[in-house]
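Chain residues, written in single-letter form:
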Protein chains: 2
Amino acid sequence: METPELGTTHVECEECPIRHRAVCARCDDRELGLLEEIKYYRSFDAGQTIAWTGDKLDFVASVVSGIATLSQTLEDGRTQMVGLLLPSDFMGRPGRETAAYDVTATTEVVMCCFRRRPFEELMNRTPHIAHRLLEMTLDELDAAREWMLLLGRKTAREKMASLLAIIARRDAALRPTTMGRTLEFDLPLTREAMADYLGLTLETVSRQVSALKREGVISLEGKRHICVPDFDRLLVETGDDADGGMLV
Amino acid sequence: METPELGTTHVECEECPIRHRAVCARCDDRELGLLEEIKYYRSFDAGQTIAWTGDKLDFVASVVSGIATLSQTLEDGRTQMVGLLLPSDFMGRPGRETAAYDVTATTEVVMCCFRRRPFEELMNRTPHIAHRLLEMTLDELDAAREWMLLLGRKTAREKMASLLAIIARRDAALRPTTMGRTLEFDLPLTREAMADYLGLTLETVSRQVSALKREGVISLEGKRHICVPDFDRLLVETGDDADGGMLV
DNA sequence: AGGGGACCTTGATTGAGATCAAGAGGGCAC
DNA sequence: GTGCCCTCTTGATCTCAATCAAGGTCCCCT
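Just so you know, the residues in each chain are numbered from 1, in the order the chain's sequence is written. To label them, take the chains in the order written and letter them from A, then take the ligands in the order written and number them from 1. Local features in a predicted model are, by the rule used here, given only for residues with pLDDT of at least 70; side-chain atom pairs are given and counted only at 80 or more, and totals for whole chains, interfaces and linings are based on all residues.

Quick word on the pairing of strand β4 (residues 68–73) of chain B
Comment: burial labels come from other C-beta atoms within 10 Å of the residue's own C-beta, placed from the backbone, where a count of 20 or more is buried, 12 or fewer is exposed, and between is partly exposed. Numbered from the N terminus, helices here are DSSP runs of H or I no shorter than four residues, and strands are runs of E no shorter than two. The element β4(B) is extensively covered by neighbouring structure, given that five of its six residues are classed as buried. Linking β4(B) back to strand β5 (residues 79–85) of chain B in an antiparallel pair, the connection comprises five residues, with B:G77 at a positive phi of about 105°. Here a strand pair is declared whenever DSSP counts at least two bridges between the two strands.

Dropping the structure here:
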């Protein structure tokens, strides 16, 4: 629905992103060829559920374009987003049959899929891929634990600033044309989705966005397009250590 | 300092727990032998810091006895615990030089260590070990994301009940003598540490413990010893789906 | 036995964010 | 254009947990 360019401009070449980051950064041509043989593409509509918690999931995949979310729900309907899948992110877990979370496409999503069995067999024969998977999982674990700090100890304002900083960073990494400390990007999430990610209500998210705008930390064009005139200023608002502030 | 039996009774035999769960559940004798060759033991006093975030860490390890915590800190000192290491848990990350979190021993801790380089080389040659590591990391990721749900969406009471349920379950798994739905265990953490884990203050933790006791969900002997007369009743208080309630 | 200190409990008050409520903006179908 | 719906904003009020404050318990040390 929104930000269609986010999905299509991130890959360094026009091919499947797995060549670049997701699965096989250190593989040689022969190994890459094996991956090529078992891959296929699938697309999902905006708003479509890709998998429910507990669903049998017979593939793993790499996001080519679009945005998907991982979320968990309590009995009474309270939900918490536990991950965001942006282009080049990996989804699914070798060695596990079922989805551990609800996966939802928030925009139209294209995924580069690998059937699980052949992928696992390939992984068994190809140490590079197994390594890369472990590395990616450790990265996800770090991200999850950083998010625990945010959820447990940050104020609403710090949470909001942190989310903007993360999206800005990811966006800048995917669009290498960015220069300097001025950033501009579209929010890929509704206020409600941001609230689910941050452990807040949508009203509080809205108020925090308004406050950051009022104070000149960000400016808005419409409701989704954000300009960050001074990224360092935004980083101060996150409450994080100063040294975490590298753009990439 | 407390609960010394937790550490010493959990392993099925008297040897290093890596034989059983931590690293090599599927390895054959020869592979196990290779692990034996590079392992050594280290112990830490209660309260001692095992590693600070960013420290160079030249080993990975498996907890033999005692309890350690992983935590992260904001600039101004707010801290959030992001993981709990109980006996048989694994610590450290192959392929990464530095500690990602502060690791602290809350009781006296004994670890079975492997120097990182030899361990990584062994891992490269031994698919079982690489697999097991990926599996363990995925488990940690699931646990972290479940904790995100707790931190973002649960009430103080639900948080407290969830922590008690988790400790009770872990304790029951380590001491297979437990029977029925009545459980008894010692809290391995101070009120303050529990607060850091739950994203609460220590006063709130204390009040919630008192409330659960007042209402008969738990009973206390001293400040640390907990009895849960009806585990299902405790589970109701966690707010989780009913089907998450298997004892092991 | 007495004193000090770590840890815990409880009470009173405050405050950040949730909840309840109303309305504004913008896109789209007709 | 008109009306509807979806998303977002803003205001008023409430509530749960934080904060501030005081005292209690237990253990260890002398």
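Structural notes on the packing of helix α6 (residues 191–198) of chain B against helix α7 (residues 202–214) of chain B
Residues and elements named next belong to chain B. Comment: axis = line fitted to C-alpha atoms, over the contacting stretch for helices; angle = value between 0 and 180 degrees taken between N-to-C directions. It is at 8 Å that the axes of α6 and α7 come closest, and there the two elements cross at 100°. Classed by the angle they form, the pair α6 and α7 counts as roughly perpendicular. Each of R191, E192, M194, A195 and L198 in α6 lies in contact with α7, whose residues at this interface are L202, T204, V205 and S206. The nonpolar class holds Ala, Val, Leu, Ile, Met, Phe, Trp, Tyr, Cys and Pro. Asp, Glu, Lys and Arg form the charged class, and all remaining residues, Gly among them, are polar. Grouping the amino acids of the contact of α6 with α7 by side-chain chemistry returns five nonpolar, two polar and two charged. For this classification, under 35 degrees means roughly parallel, over 145 means roughly antiparallel, 65 to 115 means roughly perpendicular, and everything else is oblique. By the convention adopted here, residues make contact when the C-beta atoms placed from their backbones lie within 7 Å.

Considering the protein's contact with DNA strand C
Close contacts around DNA strand C come from 16 residues, with A:T155, A:T204, B:T190, B:S206 and B:S210 the closest. Mapped by element, the contributors of at least two residues to the surface near DNA strand C are α7 (202–214) of chain A together with α6 and α7 of chain B. Ranked by residues supplied to the surface near DNA strand C, first place goes to α7(B) with six residues. A class-by-class count of the residues in the surface near DNA strand C yields four nonpolar, six polar and six charged. Throughout this description, a residue near a molecule or strand is one whose C-beta atom, derived from the backbone, lies within 6 Å of it.

Quick look at the sheet that holds strand β3 (residues 59–65) of chain A
Residues and elements named next belong to chain A. Read across the sheet, four strands follow the order β1-β8-β3-β6 without closing on themselves; strand pairing throughout is antiparallel. Where the open sheet ends on each side, the last strands, each with one partner, are β1 (39–44) and β6 (90–91). Relative to strand β8 (residues 109–115), β3 runs antiparallel, the two sharing six bridges. Bridged to S62 within β8 is C112.

Remarks on unusual backbone geometry
All names here are of chain A. Positive phi, normally seen in glycine, also occurs at S88, with a value near 90°. Secondary-structure assignment places S88 in the loop between β5 (79–85) and β6. With 19 C-beta atoms counted inside 10 Å, the residue S88 sits in the partly exposed group.

Remarks on the protein's contact with DNA strand D
For DNA strand D, the set of nearby residues contains 16 residues, the closest of which are A:T190, A:S206, A:S210, B:T155 and B:T204. Broken down by secondary-structure element, the contributors of at least two residues to the surface near DNA strand D are α6 (191–198) and α7 of chain A together with α7 of chain B. By residue class, the composition of the surface near DNA strand D is four nonpolar, six polar and six charged.

Thoughts on helix α3 (residues 116–125) of chain A
Residues and elements named next belong to chain A. Of the positions making up α3, those classed as buried are R116, F119, L122 and M123. The buried side chains of α3 occupy one side of the element, clustering within an arc of 130° when seen end-on. Counted as exposed and oriented over 90 degrees from the buried face of α3: R117, E121 and R125. The arc under discussion is defined with respect to the helix axis, by the directions toward the C-beta atoms.

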